[in-house]
Amino acid sequence: MTERRPGPTRVAMFSGGRGGAGIARRLLRTPGVRLTLLVNGYDNGLSTGALRRFLPGMLGPSDFRKNLLPHLDPADPAQAALFAVLEHRLPAGTAPRDLGDLAGALAAPETSPPGFAALPRRARAAITRDLTAFLHRLEEDPDGLDLAGCALGNLVFAGAYLRAGEDFNAAVRSCARTFATPARLLNVTDGGDAHLVALKENGRLLADEADIVAPQDAARITDLFLLRRPLGPAQRDELETLPVQRIRWVLARRRAAVSANRAALAALADADLIVYGPGTPHSSLLPSYLTPGVAEAIAANRAAAKAFVVNIREDHDVQGMSAPAHVDLALSYLGDPGNERRTVTHAVCHRPRTGRPDVPAMPGDIAEAGLRTNTQWIIADLADPGRPGARDGARTADLLTGLAAGAASDPALEPAG
């Protein structure tokens, strides 16, 4: 890591949906920090999956929608109204006509439902325009999508996608303008459609992203695949009858041709600080690292601090995994298993006040873990005292910006390795 350039601190953070929200919120409020959020669109759970099936070819918008939230202040009426649009869920029984009525009501402050009246004028016009574009598509197949449970923000995104000629990354840019995020929100890929599948060491197939994040047995996930098309029920049933090696062969032949977003590669190459996580590893983070060109852009940036943030709580897809094993897993997906290219310079790990089985295990020998991968471990109490099980995003962000500046000044930190 070389001396940092003068000027703003450029931070590029790989993010999922909500795991890094507290960190992003603090970074956005830190003077002199320019934040880029790198997100993938492989989410297909529940209503997001239904929306992707309704609009074949579109990636999942949910994690992008969630990353439009951190800068919004609920104490500000206009920002609270933007938050409400992004998070509002349509109730059971919602029909296309009801959505049309809501879109019409949102067009003017005096007709807006409670919570939406303070929408900024330009945002109101853009939201109404995008919902109208989505409604035009819905009119063509009114029974093609059950609107119950859909996030209104996802439907705004879908309308932006349709208006942009089904250009996913253009829709990301459009929604970033509509909701006025000061972060630079980027899809890690060029926006081409792909569907996430995983294979476990015991041969169990996790046939989509929803399966990957769901409760499951403790067997290790050994492979991730990005497929051209989703697996249908019959294909799932057929694959589950095959030996593991044959499943792996079949899935490899169905891989999507994923390409990187050039803007994402440029952000990584130009960053003063690269942050990995936190988030659900096998859905939010590791698939992003697989994007062609990402590992090379990170390796080529020799000036940046590159910090891996270990999750506060354990996820279903990595049960029983120690903190060093989390780092090792990320390094393997980034093509640098021995960290010879200094892909990770620092590992930031929470020190729980009391041992809990759902917190990733602390390294038994911090110095050994650091020496083995040439990584400096930084151990601190990073839990939010007011929210059990949650991260103190502000403290974590301050620690990370300290790394970018070349010094972790908090005396409560325990650097090792």
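Just above sits the structure.
Novice: Outline the side chain of threonine 375, supporting the account with residue identities and numerical values.
Specialist: Mapped onto the elements of the fold, threonine 375 is located in the loop between helix H16 (366-373) and strand E10 (376-380). In terms of polar contacts, threonine 375 uses its side chain to reach the backbone carbonyl oxygen of valine 344, at 3.5 Å.

Novice: Let's hear about helix H5 (residues 96-106): which residues, and what values?
Specialist: The α-helix winds at 3.6 residues per turn, so residues separated by three or four positions along the chain end up facing the same way. The set of residues buried in H5 consists of Leu99, Leu102, Ala103, Ala105 and Leu106. The arc that holds every buried residue of H5, seen down its axis, measures 165°, which confines them to one face. For H5, exposure combined with an orientation more than 90 degrees from the buried face picks out Arg97 and Asp101. Here the buried face of H5 lies against helix H6 (121-140) and helix H7 (152-163).

Novice: Residue-level account of the pairing of E10, with values.
Specialist: Where burial is concerned, most of E10 is hidden: four out of the five residues are buried. Bridging between strand E9 (residues 346-350) and E10 involves five bridges; their strand directions are parallel. Counterpart to histidine 350 in the pairing with E10 is alanine 380.

Novice: Before we move on, could you go through the environment of aspartate 217 and cite the residues and values that matter?
Specialist: Along the polypeptide, aspartate 217 turns up in the loop between helix H9 (209-213) and strand E6 (221-227). Residue class for aspartate 217 comes out partly exposed when judged on its relative accessible area of 29%. Discounting chain neighbours no more than four positions away, the residues touching aspartate 217 are Lys200, Asn202, Arg204 and Gln319.

Novice: Help me get a handle on the pattern of salt bridges, residues and values and all.
Specialist: Close approach of charged atoms allows side chains of opposite charge to pair. For the coordinates displayed, the defined rule picks out 17 salt bridges. Across the pair arginine 236 and aspartate 211 runs a salt bridge, and its minimum N-O distance is 3.9 Å. On the criterion of sequence distance, the pair formed by arginine 236 in helix H10 (residues 233-239) and aspartate 211 in helix H9 is long-range, its members being 25 residues apart. Among the charged side chains, a network of salt bridges with common partners joins Arg10, Asp270 and Asp272.

Conventions used here
- Residues numbered from 1 in each chain as written.
- Predicted model: local features only at pLDDT ≥ 70, side-chain atom pairs only at ≥ 80, totals over all residues.
- Heavy atoms only, no water.
- Helix = DSSP H or I, 4+ residues; strand = E, 2+ residues; numbered from the N terminus.
- Polar contact = N/O pair within 3.5 Å; in protein donor to acceptor, adjacent residues only side chain to side chain.
- Buried < 20%, exposed > 50% of the residue type's maximum accessible area, 1.4 Å probe, protein only.
- Arc of directions from axis to C-beta.
- Contact = heavy atoms within 4.5 Å.
- Pairing = 2+ DSSP bridges.
- Salt bridge = Lys/Arg side-chain N within 4 Å of Asp/Glu carboxyl O.

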